[in-house]
Amino acid sequence: MRRESVGHTLLVAFLLCVVCSTLVSGAAYLLKDRQAANVVIEVQKNILSAAGIYDEEKHNRSDVPELYEKHIVDLIVELDTGRIVEPSELGFESAVDFNQFKAASDPELSRKLTSEEDIAIIKHRENYSHVYRVKNTDGSLGKIVLPMRGYGLWSTLYGFISLDADGQTIRGLTFYDHKETPGLGGEVDNPKWKSQWSDPDETKYVYGPDGNVQIEVTKAGGVSNDPEKRKHQVDGLSGATITTRGVSYLLEFWLGPLGFKNYLEQVQSSETSGE
Ligand SMILES: Cc1cc2nc3c(=O)[nH]c(=O)nc-3n(C[C@H](O)[C@H](O)[C@H](O)COP(=O)(O)O)c2cc1C
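Reading the values: rules and limits
- Sequence positions are assigned chain by chain, starting from 1 and proceeding in written order.
- A pLDDT threshold of at least 70 governs which residues receive local features in this predicted model, and a stricter bar of 80 or more applies before side-chain atom pairs are shown or counted, although totals over entire chains, interfaces and linings include all residues.
- Values reported for side chains reflect all heavy atoms of the structure, with hydrogen atoms and water molecules removed beforehand.
- Classification of residues uses two cut-offs on accessible area relative to the type maximum, computed with a 1.4 Å probe and protein chains only: under 20% is buried, over 50% is exposed, and between them is partly exposed.
- Strands here are runs of E lasting at least two residues and helices are runs of H or I lasting at least four, both read from the DSSP assignment and numbered beginning at the N terminus.
- Picture the helix axis, draw a direction to every C-beta atom, and the arc is the one those directions span.
- Throughout, a residue-residue contact means that at least one pair of heavy atoms, one from each residue, lies within 4.5 Å.
- Throughout, the term near means that a residue has one or more heavy atoms lying within 4 Å of the molecule or strand in question.
- Side-chain atoms alone can form a polar contact between residues adjacent in sequence; in general such a contact is a pair of N or O atoms within 3.5 Å, and within protein one must be able to donate a hydrogen while the other accepts it.
- Here the nonpolar group is Ala, Val, Leu, Ile, Met, Phe, Trp, Tyr, Cys and Pro; Asp, Glu, Lys and Arg are the charged ones; every other residue, Gly included, is treated as polar.
- The term nonpolar core refers to a set of buried residues drawn from Ala, Val, Leu, Ile, Met, Phe, Trp, Tyr and Cys, joined through side-chain atoms within 4.5 Å.
- Each Phe, Tyr or Trp ring, with Trp reduced to its six-membered ring, pairs with another whose centre is within 6.5 Å; inter-plane angles below 30 degrees give stacked pairs, above 60 give edge-to-face pairs, and intermediate values give tilted ones.
- By this definition, two strands are paired if DSSP reports at least two bridges between them.

Undergrad: Can you lay out helix α2 (residues 64–71) for me, pointing to particular residues and giving the numbers?
TA: Listing the buried residues of α2 in full gives Val-64, Leu-67, Tyr-68 and His-71. The buried residues of α2 occupy an angular sector of 100 degrees when projected down its axis, which confines them to one face. Those residues of α2 that are exposed and angled more than 90 degrees off the buried face are Glu-66, Glu-69 and Lys-70. Tucked into the core, α2 has its buried residues touching α1 (6–50), β1 (72–78) and β5 (128–135).

Undergrad: Which residues make up the site of the ligand, and what are the values?
TA: Residues in contact with the ligand, as listed here, are Leu-153, Trp-154, Glu-180, Thr-181, Leu-184, Gly-185, Lys-219, Gly-239, Ala-240, Thr-241, Ile-242 and Thr-243. In the environment of the ligand, a nitrogen atom lies 3.3 Å from a nitrogen or oxygen atom belonging to the side chain of Trp-154. Interatomic distance of 3.0 Å between a backbone N/O atom of Ile-242 and an oxygen atom of the ligand. Tallied by class, the residues present in the shell around the ligand amount to five nonpolar, five polar and two charged.

Undergrad: Report on the nonpolar core, specifying residues and quantitative values.
TA: Among the nonpolar cores identified, the biggest contains 36 residues, and Leu-146, Ile-161, Trp-193, Trp-197, Leu-251, Leu-255 and Leu-264 are the most heavily contacted of them. Residue assignment for this core shows that the elements contributing at least two residues are β6 (141–151), β7 (156–163), β8 (170–177), α6 (241–255) and α7 (261–272). Considering every element that reaches this core, the biggest residue donor is α6, with six residues. In this structure Leu-255 touches Leu-146, Ile-161, Leu-163, Val-206, Tyr-207, Val-213, Ile-215, Lys-261 and Leu-264, once residues within four positions along its chain are discounted. With 16 residues, the next largest nonpolar core counts Ile-41, Leu-67, Ile-72 and Val-145 among its residues.

Undergrad: An account of the packing of aromatic side chains is needed here, citing residue identities and associated values.
TA: Applying the stated rule across the entire model yields eight aromatic pairs. Taken together, a centroid distance of 5.8 Å and an interplanar angle of 55 degrees make the contact between Phe-92 and Phe-98 tilted. A residue is classified by how much of its surface remains accessible, and Phe-92, at 26% relative accessible area, is partly exposed. The exposure class of Phe-98 is buried, given its relative accessible area of 5%. Aromatic pair Tyr-132 and Phe-160: ring centres 5.9 Å apart, planes at 85 degrees, arrangement edge-to-face. A residue pair is termed long-range when its members are at least 10 positions apart, and Tyr-132 in strand β5 and Phe-160 in strand β7 qualify at 28 residues. No difference in accessibility class separates Tyr-132 from Phe-160, as the two residues are buried.

Undergrad: Hey, could you go over the pairing of β8 for me, with residue numbers and the actual values?
TA: Relative to β8, β7 runs antiparallel, the two sharing six bridges. Among the inter-strand pairings, Ile-161 is bridged to a residue of β8, identified as Leu-173. Where β7 folds back on β8, the antiparallel hairpin that results is connected by six residues, among which Gly-167 adopts a positive phi of roughly 70 degrees.

So, to be careful, I would describe these as geometric facts and stop short of saying anything about function.
Rendered as structure tokens:
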């Protein structure tokens, strides 16, 4: 075949495509395990960060496995009752084997939400969820880190909220996965915005005196001057009202009766009875 012929050009282009696609899929296959391990570390880092243990300035990613092992206890909770279940009840050896996102798409392990219930726009809610308890230095259980998710403008945001053992005082909030616009909705990752959730001078609280979820993310600049109202308000993201509203709704959902409220009530009563 002549080098200048159309057939030769097509053959070279075809062979180039085959070589490149083999290289790309080979790399994807070989890196699969490493990518999965990185996702686990990113999630663990966010749990530690929500709990105020991982400090970007003090730690790096290689510290995550040790910090996680030292400080975090992974439990599974039945959301409708708030009961802690043994992993074996669900057929798992350990809590880490339970994938709650997979459970959310299994009709046997989830509940289809009505449009009225589905304020976080997740369609199905799994019946069981992970709950992460933070070990104090004396070995007792302290803070509680709860996974949550909900729709913003372009995507589902996945994150964690950290509460004191009173189930009421907020200590941190992080998102580890979303596809909101950088600079707009993506500002949920901005350390300055996140610091509002862990500011010791402006502590925020989940529930109002009636026991209902009262924490909300206001429109940008919408936080009240009234200290009683401010206790339950966090300033929203400017130019990203829809993401802001999504964060507010996902908090209302996951801290409410279809989320962790039953579990948090049990924690509160065991804390106050000293169990
Ligand atoms: C390219 C583009 C990306 C946007 N990304 C977001 C976003 O991630 N989150 C969001 O709430 N609004 C985003 N918006 C703005 C929304 O369309 C909408 O105007 C905004 O949420 C209204 O908020 P505001 O009342 O604070 O302006 C985006 C707009 C454009 C044009």
